[in-house]
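# Results of the structural survey
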Amino acid sequence: MFLEIIFAHHAVISGSLALYLFDPSRGWLPNDMDLYVPRRRVFCVMKRLRGLGYIPVKDMTQRCCHYHASNDIASVIMLTNGDRTIDIVESTTVSVLSPIFKFHLTAVMNYATAEGFFSAYPVLMSRRRSLINPMQFISNLPTSPMAACFEKYLQRGYDLRYSPQQWAAEEGRDVDHTCRGSFECPHAVRSTFDSGCLFIRMRTNIRTILLPSHIPLQRCFEDRRAVVWCLGGNPCDGSFEPLCPFSSLKGAHSSYGNISSPEG
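Reading the values: rules and limits
- Just so you know, the residues in each chain are numbered from 1, in the order the chain's sequence is written.
- Under the rules for a predicted model, residues below a pLDDT of 70 receive no local features and side-chain atom pairs below 80 are neither given nor counted, while totals for whole chains, interfaces and linings still include all residues.
- Derived side-chain values reflect all non-hydrogen atoms in the structure, with water molecules and hydrogen atoms excluded from consideration.
- Among buried residues, the Ala, Val, Leu, Ile, Met, Phe, Trp, Tyr and Cys ones that are joined through side-chain atoms within 4.5 Å form a nonpolar core.
- Each residue's exposure class comes from its accessible area (1.4 Å probe, protein chains only) as a fraction of the maximum for that residue type: buried when under 20%, exposed when over 50%, partly exposed otherwise.
- Residue contacts are defined here by distance: any two heavy atoms, one from each residue, within 4.5 Å place the two residues in contact.
- UniProt positions are given in the numbering used here, feature names are shortened, and annotations may be inferred rather than shown by experiment.
- Only runs of H or I of at least four residues qualify as helices and only runs of E of at least two qualify as strands under DSSP, and these elements are numbered from the N terminus.
- To pair, rings of Phe, Tyr and Trp, with the six-membered ring standing in for Trp, must have centres within 6.5 Å; the planes then decide the type, stacked if under 30 degrees apart, edge-to-face if over 60, and tilted in the middle.
- The rule for a charge over a ring is simple: NZ of Lys or CZ of Arg within 6 Å of the ring centre, and within 35 degrees of the ring normal.
- Strands are labelled as partners when DSSP assigns at least two bridges between them.
- Whenever Lys or Arg places a side-chain nitrogen within 4 Å of a carboxyl oxygen from Asp or Glu, that contact is recorded as a salt bridge.
- What pLDDT conveys is the predictor's confidence in a given residue, as a value from 0 to 100.

Core analysis: the largest hydrophobic core is formed by 57 residues, its most contacted members being Leu35, Leu49, Ile88 and Phe101. Each residue touching Leu35, except ones within four places of it in the same chain, is listed here: Phe2, Ile6, Ala11, Val12, Ile13, Val45, Leu49, Ile86, Asp87, Ile88 and Val89.

Now the structure itself:
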């Protein structure tokens, strides 16, 4: 029933739970679920979840501080069944994926669908490494909730850095990294369809049950549109000017304009 809700409303599971699904042997357990839904789907999803025994939580003050309106997030509604909580996070766009590539760490740029699991930085994640997303620091210092998030993932064993160069220097390795030349480089322009991403399809998924076999499977998500993003920030080797980060979805628009950071 729950997978059918995700499939029918083009939703994805992201955040700590998606990271846990990739490798449940980290020694910690997620305590809630972040369910991302497209624009104008939130009340339909909430109605379906209420049918499963979840009810809205009225006081969302503490919860909302962990989400940022500038990250293509329109609203957050928290539901609980008494034992578990689900945060329904509404995207400002028709794509549920647009907020994910503005997350504070690459470690959480993952999502699970009714079809499988996607990771944008699987090599780093498999080594418990994460880049800090410069998109969060172009004009502001880290907020207290963001700093708390960093501390949470440090306690979970993740090594956080601004550049892959820092790991090489600390390990005494020759720095052979070419800026913009690898998928782990913050200056590389990435896409959800490039070979630096990982998509693990479930052996038996809900699509094969609900849809005819002639409908083609999608590597990334339920449609053919790709999210294109660049973490940006300071260059790895000083050969480029600092790059303004961006995230965009071709043909889609945010409630507040195009899905991209202003140039500057």
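That covers the picture; the talk isn't over yet.
In the numbering used here, UniProt assigns the feature "signal peptide" (unreviewed entry) to residues 1–18. A helix fraction of 56% and a strand fraction of 17% characterise residues 1–18, whose end C-alpha atoms lie 19 Å from each other.

Looking now at the packing of aromatic side chains. Considering all chains together, one arrives at seven aromatic pairs under this definition. Their ring planes at 15 degrees and their centres at 4.8 Å tell us that Tyr111 and Phe118 sit as a pair that is stacked. Both residues of the pair, Tyr111 and Phe118, belong to the buried class. Among the aromatic side chains, those forming a connected cluster through ring pairs are Phe101, Tyr111, Phe118, Tyr121 and Trp229. The ring centre of Tyr153 lies 5.1 Å from the NZ or CZ of Arg156, which sits over that ring.

A separate point is the pairing of strand 4 (residues 73–80). The element strand 4 is extensively covered by neighbouring structure, given that six of its eight residues are classed as buried. Relative to strand 4, strand 3 (residues 55–56) runs antiparallel, the two being bridged by two bridges. Each residue of the ladder has a partner; that of Pro56, found in strand 4, is Leu79. Bridge count between strand 4 and strand 5 (residues 85–91): seven bridges; the pairing is antiparallel.

This paragraph deals with the pattern of salt bridges. A side chain of one charge can pair with a side chain of the opposite charge when the charged atoms of the two come close. Scanning the model with the defined rule gives five salt bridges in all. Between Arg48 and Glu4 there is a salt bridge; the shortest N-O distance is 2.5 Å. On the criterion of sequence distance, the pair formed by Arg48 in helix 3 (residues 42–50) and Glu4 in helix 1 (residues 2–8) is long-range, its members being 44 residues apart. Take Glu4: its relative accessible area is 24%, and that puts it in the partly exposed class.

Sheets are built from strands that pair by backbone hydrogen bonding, the pairs being arranged parallel or antiparallel. In spatial order, the strands read 10-12-13; together these three strands make up an open sheet with antiparallel pairing. With one partner strand each, in any of the chains shown, strand 10 (190–191) and strand 13 (246–249) form the two edges of the open sheet. As paired elements, strand 12 (residues 227–230) and strand 13 share four bridges and run antiparallel to each other. Within strand 13, the position partnered with Cys230 by the bridge is Phe246.

What you tend to see is this: most non-glycine residues have negative phi, and most peptide bonds are trans. Here the phi dihedral of Arg40 falls at roughly 70 degrees; this positive angle occurs in a residue that is not glycine. Note on placement: Arg40 falls in the loop between strand 2 (33–37) and helix 3. Of note in the backbone geometry, Arg128 takes a positive phi value of approximately 60 degrees without being a glycine. As for its position among the elements, Arg128 is in the loop between helix 5 (122–126) and strand 8 (129–131).

With that settled, the discussion passes to the confidence of the model for the chain. Chain-level statistics for the chain give a pLDDT mean of 77 and a share of 75% at 70 or above. This stretch, residues 251–264, has a pLDDT under 50; its non-local contacts, to residues over four places away or in other chains, come to 29 contacts.

The next subject is the environment of Ser248. Turning to its location among the elements, Ser248 is positioned in strand 13. Taking the relative accessible area as the measure of exposure, Ser248 reaches 25% and is therefore partly exposed. In sequence terms Ser248 and Phe101 are 147 residues apart; their C-alpha atoms lie 9.3 Å from each other.

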